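Results of the structural survey
For reference, the chains in residue letters:
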Amino acid sequence: MTLLRHELKQGRNSLIIWTAAIGFLLAVCIFLFPEMKGEMNQVSDMFSSMGGFTEAFGMDQVDFGTLPGFYAVECGNILGLGGAFFAALCGISALAKEEKEHTAEFLLTHPVGRMRILTEKLLAVLAELILLNGFILLLAVASIGAIREPFPWKEILLLHLAYFLLQLEIAGICFGISAFIRRGSLGTGLGIAGLFYFLNIIANISEQAEFLKYITPFGYADGSDIVANVSLDAKLVLIGMVFGALGITAAYWKYNRKDIA
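What you are looking at is a predicted structure, and each value in this text was computed from that prediction instead of being measured.

Across its full length, the protein holds 12 helices and 0 strands. Reading the helices (α) and strands (β) of the protein from amino to carboxyl end gives α-α-α-α-α-α-α-α-α-α-α-α. By residue count, 49% of the 261 residues in the protein fall in the buried class. Nonlocal contacts in the protein, meaning residues at least 24 apart in sequence, comprise 78% of its contacts between residues at least 6 apart. Carbon together with sulfur atoms contributes 66% to the accessible area of the protein, which is approximately 12600 Å² in total.

Moving on: empty space enclosed by the protein. Scanning the model with the defined rule gives 3 cavities of 30 Å³ or more in all. Approximately 50 Å³ is the volume found for the second largest cavity. Ile22, Leu79, Gly83, Leu132, Asn133, Ile136, His160, Tyr163 and Gln167 together form the lining of the second largest cavity. Residue assignment for the lining of the second largest cavity shows that the elements contributing at least two residues are helix H5 (67-93), helix H8 (114-146) and helix H9 (153-178). In the lining of the second largest cavity, the residues fall into 5 nonpolar, 4 polar and no charged.

Here we take up the nonpolar core. In this structure, Leu26, Ile30, Tyr71 and Leu95 are the most contacted members of the largest nonpolar core, which totals 64 residues. When residues of this core are traced back to their parent elements, those giving at least two are helix H2 (12-36), H5, H8, H9, helix H10 (186-205), helix H11 (223-229) and helix H12 (234-255). Counting residues per element, this core draws most heavily on H5, which supplies 13 residues. Among all residues touching leucine 26, those that are not within four sequence positions of it are Tyr71, Cys75, Ile78, Leu79, Ile136 and Ala140.

The phi dihedral of valine 230 falls on the positive side, at around 50 degrees, and the residue is not glycine. Within the element layout of this structure, valine 230 appears in the loop between H11 and H12.

Another aspect to go through is the confidence of the model for the protein. Across the protein, pLDDT averages 83, with 81% of residues at or above 70. Looking over the protein, one finds the lowest element-wise mean pLDDT in helix H4 (residues 52-56), namely 52, and the highest in H12, namely 94.

Counted by the stated rule, this structure contains 3 salt bridges. Among the ionic pairs, glutamate 7 bridges to lysine 121, the shortest N-O distance being 2.9 Å. Taken together, the positions of glutamate 7 in helix H1 (residues 2-10) and lysine 121 in helix H8 put the pair 114 residues apart, joining distant regions of the chain. Given a relative accessible area of 7%, glutamate 7 falls into the buried group.

On to the side chain of glutamate 155. Tracing the backbone shows glutamate 155 in helix H9. As a buried residue without a salt bridge, glutamate 155 has its nearest oppositely charged side chain in lysine 154, at a separation of 7.9 Å. Ignoring any residue separated from it by four or fewer positions in sequence, one finds glutamate 155 in contact with Pro68 and Val230.

Reading the values: rules and limits
Residues numbered from 1 in each chain as written. Predicted model: local features only at pLDDT ≥ 70, side-chain atom pairs only at ≥ 80, totals over all residues. Heavy atoms only, no water. Helix = DSSP H or I, 4+ residues; strand = E, 2+ residues; numbered from the N terminus. Buried < 20%, exposed > 50% of the residue type's maximum accessible area, 1.4 Å probe, protein only. Contact = heavy atoms within 4.5 Å. Areas by Shrake-Rupley, 256 points an atom, 1.4 Å probe, with all protein chains shown as cover. 1 Å grid on protein atoms, 1.4 Å probe; cavity = no way out; pocket = protein on both sides within 12 Å on 5 of 7 lines; lining within 4 Å. Points joined across faces, edges and corners; volume = space filled by probe spheres on them. Nonpolar A, V, L, I, M, F, W, Y, C, P; charged D, E, K, R; others polar. Core = buried A, V, L, I, M, F, W, Y, C linked by side-chain atoms within 4.5 Å. pLDDT = per-residue confidence, 0-100. Salt bridge = Lys/Arg side-chain N within 4 Å of Asp/Glu carboxyl O. Lys, Arg positive; Asp, Glu negative; His and termini not counted.

So, in structure tokens, the structure goes:
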């Protein structure tokens with residue numbers, strides 16, 4: 001597990017920065033809720049009449065005057081986008097960085113097979129996602145307790161589970177892409193995460209584009225749907241996990257055959 005420890009040490013600063021940034025914004029949103037709760041009924045009425053904009057962000061399905069509704073939309077966007085970007089960056093750089101930084105010639109001369117390299121790098125990505133989500137969930141629990149609001153355990157846990165699954169899928173897809181490129185393009189990872197986010201917005205706006213929810217992981221990590229139904233869409237989750245698994249499979253297939261520069 002030497003390589004796993006090295007990967008975690010190498011990504012430590014990035015993990016701390018992303019966790020602190022997402023956690024800080026999340027806590028700020030939660031602490032704002034008591035101040036805004038009394039005005040949220042008016043806000044809900046205003047948003048309900050904004051047509052496509054309301055549907056794009058699912059604001060017609062939740063009540064902003066309740067903590068679950070407020071958390072789903074405001075905190076959900078922070079967790080969804082922030083977590084997706086971090087997962088994409090972890091996945092897209094996992095393998096390609098060895099060629100970009102010219103460390104592959106050092107790593108591959110050691111008595112360690114490519115299967116082990118792939119596995120330990122994949123475990124490092126998984127560990128980083130677990131650490132990120134674990135800390136943010138603890139911070140959310142502490143922040144909600146601090147404002148003395150009733151804790152909606154089921155809704156909050158389902159939301160965090162959905163965002164964790166979303167990150168796993170995006171990380172798996174980007175991990176697969178990382179095996180095919182020779183330069184760790186962070187822009188590619190961010191672009192994939194951003195594309196998935198906007199595909200979900202399009203799917204929410206247009207009935208003709210609802211099929212896009214089967215493509216984007218934001219389809220099953222839509223906070224408004226989760227809070228309104230108090231459940232995850234098992235079919236969409238399964239499809240998403242298949243996409244993530246295909247990405248990982250592609251990484252193993254390609255990297256074991258790749259001529260490392």
